Structure formats: structure tokens, C-alpha cells
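Overview (structure and organization)
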Amino acid sequence: MTDQSSNQMWGGRFAAGPDAIMEAINASIGYDQRMAAQDIAGSRAHAAMLAATGVITDNDAEAIREGLLTVLSEIEGGTFQFSTALEDIHMNVEARLKEVIGEPAGRLHTGRSRNDQVATDFKLWVRDQLDAAESGLLALINALLTQAEAGADWVMPGFTHLQTAQPVTWGHHMMAYVEMFGRDLSRVRDARARMNESPLGAAALAGTSFPIDRDMTAKALGFDRPAANSLDAVSDRDFALEFLSTASICAVHLSRFAEELVIWSSAQFRFVTLSDRFSTGSSIMPQKKNPDAAELIRAKVGRIFGANTALMIVMKGLPLAYSKDMQEDKEQVFDAADNWMLALAAMEGMVKDMTANRESLAAAAGSGFSTATDLADWLVRVLKVPFRDAHHVTGTLVAMAESRGCDLPDLSLEDMQGVHAGITEDIFTVLGVENSVNSRMSYGGTAPAQVRAQVARWKEMLT
């Protein structure tokens, strides 16, 4: 493809082409070429509609269709020569189309503007990324369900403030992330449904006088309907902001889980063993196995958050309709999408490959007086002691056990009765971690039966 100056594409409005600085700041082809497939799909739908409504001839439409397929094959084959002088993917495609088919190429842009064209391309691209995110989230959720089902009755410590709180099960902990990523999945699906309106045919900002059929192009491109207001259609970037917002919330969940995997895989915890596929060694310390994939997922959050903030700042002060500022909407979204998809895939891989160390989990589950709450609950439930009094009695017994360097189940019945005379031998039935988790049968609780019920519920929802 020959390199043409942008003033040729502008139809002679300007006597001279932009200088190098203007060309550099104005060009977006360096990154928006990623939307080539979407741009050509939109143009094919537009040309077919123009022929169906009699705006262009069937022969011209057929020439455009064949020419666009040729251009697409060149792009996909890596032989297409992109030009910064032609600014963006739309101008690059149109210029090459003219070289391929000649005069009919000039009729393709009838009844549309670059404003509605770029909005359509970008929506199609973001929609594809939402579909990819849905697939990634489903894969991750299924990997978590497998872990949860396998370890539904494996005890481990539950934490608050990263301090041992109460015993829970491995399955229960995995299901907590299923719920988080499940909400992310619903946000992805909601965002896709909300953004699925076609801007094509809104033209520059006011619609067009040509007898176009926007319903036809919307249907051809998989949109639910055409956007109802032409001003809004070309200036709306809510769909990109919602994509980034959804990605940001999901990235928080990915980062929280990544942080736990970093902690759990350490020599001090040994709760999990990550596979070699998602770990690296040290350059000088042969004993090291570093959870680099988890750490990199944790770091990806900054890039996704940054993209979200950047685009909100770009959009916050723009009057209707289109402003060139909006050219800055894509790089952030492209980068965030790349990193979100990579983080989802890496997390799914780690979850599928990781091994929970059941013995280490169980040993830690009984430490730190994790059944103290069970003792207090027993006092309330069996002896009818007011909870605040039960809390005080339990705290006294914890202090006693701590001073002796033992755990609550290691105290004698006489020791306990010295603090509260009503305590009986039955207290020891609630102090074991297995008894503790089995008793948590309230809906959403950590009891193995509840965990298995939640796994079954999710499997049914996902089928």
C-alpha cells in the first residue's frame, strides 16, 4: 500500500499536510490497528445495508465486500503496510480498499462518519473482550469448585486481621472466591447487555439524510438494537468505563487471592504447594521456589486501576458530541484488557495445579485458640450464660491456657470449673476443630455439608 498524506483523505480542505509533530500526536494507527477485524466487519455490514436500501448499487456493494475481505486477509497475513500519515485504522483500510477496487471504495463512507464508525469498532472490540472475560471467569470458577469439592471437610484456620479466628474448611475458603468471581461474572454479563446498542448510522452527531436502515446493521453486527440518540451514540464511552470498572473490581479479587497464595506457599505457612509451571527459582538461592505468577497478578491491578482512572479523567469534562480527546480512550482499555485476561488465565492455572497441604492446614487450624468462640457459644447455648459473661469466662480460660503454653482442649475440667462451676465434660465435644466446623450448619456456613451444598448449587447454575 502506498503512503498517502492525510490531506488527500480529507478531500482538499487543507493545502498542506501536517508537520511531523502534528502527525505524531494525531495518529492512532500504532494501537487502533487492533480493531481491524471489527472495523472491516462494520464496513461490510454498512455496505450491505447501503445496497439493500438502494443508496449504492449491488455491484458496488459486492466489490466493497470482496475488497474488504482482501484487506482483512492482508492484515491477518501480516503483509498490510500501516501508515501513520493515514492516522487510524479506518483511513488505512479505506485507502487500501481504494487501491484494491478503485472508485466503489469512495461510496463506502456514505451515510456514516468516522465518529460513529470508531464508536462501533470500539464497542465491538470491547464486547469481544467481555466475552473473553466471561470464558476466563467460568474457567476459574470451575477450577475453584474442583478444589472446594475435594477439600470440603479439610479443616484450616479462618483469619481476621490475619490472626487465627475460627476453624473453617478449605472448601469453604475456596467457595468464598467462587462467590466473588461469580459477582464479577454477573457484572461482565450485565455490562455486555447494557452496551449492546449499535452506534452505526449516527454519523457525525446528527444522523444522516440517506435512507439507511440502522436496525439492519445492528442485527448484522450482533447488537440488540441501534442506539436511540445520535449525539449520545458517538460520544458515549460508558461501555469502556464499565468494562474498566468491572475489570478493576475483578482485579481486586484476583489480587486478594494472589496475596493469600503468596502467604500460603511460604515456608512459614506451607498451606499450599504451587506447581513449577507457575513458580520460579532464585538466581543464587537454590532452595527458593518463588510464587512469581501470583505476585505478578497482584501487580497487574495497578495497570488496570490506572486505565480506569485515566479514561474517567479523559471523559469527565467533554461537551457533546465528539472531541479528539476521545482518541485517548483505547490504549488504556487495550492494556487493561490484555492484563486482565492474562491474570485470569494465570490464576486459573495456579488454582488447577496447586496442591493444598492437608496436614499443615489441620495443624494450623487448632492453633491460636481457634475454638474459643465455640466455648463461648456452648456457655450461652447449654448453660444459658449471657453472651457478654460467656465472653469474659472464655477470655479468662484463654489467658490461663496461654500462660501454661497449651491450648484450650488441654485444660482440665477442674481448671475450667474453677472459672465457671457450671462447665461439664460436655464442653470437650465442641473444642475440637472438626466438631467446630461440623457445627456451623447455618446457611452459608463452613460445615462440610453446607460447602457441598454450595458446590452443587453453583454447578447447577453453571450448566
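Below: a short report on this structure.

Within the secondary structure, E348 is located in helix α13 (residues 330-353). Separated by 212 residues in the primary sequence, E348 and G136 have C-alpha atoms spaced 7.9 Å apart. Ignoring anything within four residues of it in the chain, the contact list for E348 reads A139, L140 and A143.

Within this structure, the stated rule accounts for 11 aromatic pairs. With a centroid separation of 4.2 Å and 20 degrees between ring planes, the pair formed by Y177 and F257 is classed as stacked. Separated by 80 residues along the polypeptide, Y177 in helix α8 (residues 170-195) and F257 in helix α11 (residues 238-264) bring together distant segments of the chain. The class for Y177 is buried, based on a relative accessible area of 4%. Overall, F257 belongs to the buried group, its relative accessible area being 0%. Chaining the aromatic ring pairs together yields one cluster made of F159, W170, W264, F269 and F271.

The next subject is helix α4 (residues 36-52). Given a rise of 1.5 Å per residue, 17 residues ought to cover 24 Å, and the 24 Å separating the end C-alpha atoms of α4 matches this to within 8%. Within α4, 12 of the 17 residues are buried, which leaves it mostly tucked inside the rest of the structure. All of the buried residues in α4 are A36, Q38, D39, I40, G42, S43, A45, H46, A47, M49, L50 and A51. Positioned one or two residues after α4, G54 has a phi angle of 80 degrees, which is positive.

With 6 bridges joining them, strand β1 (residues 155-160) and strand β2 (residues 163-169) adopt antiparallel strand pairing. Each bridged residue has a counterpart across the sheet, and for T160 the counterpart in β2 is Q163. Adjacent in sequence and paired antiparallel, β1 and β2 are bridged by 2 residues, among which H161 carries a positive phi angle near 60 degrees.

Rules used throughout
Residues numbered from 1 in each chain as written. Predicted model: local features only at pLDDT ≥ 70, side-chain atom pairs only at ≥ 80, totals over all residues. Heavy atoms only, no water. Helix = DSSP H or I, 4+ residues; strand = E, 2+ residues; numbered from the N terminus. Contact = heavy atoms within 4.5 Å. Phe/Tyr/Trp six-rings, centres within 6.5 Å; stacked < 30°, edge-to-face > 60°. Buried < 20%, exposed > 50% of the residue type's maximum accessible area, 1.4 Å probe, protein only. Expected span 1.5 Å × (residues − 1). Pairing = 2+ DSSP bridges.

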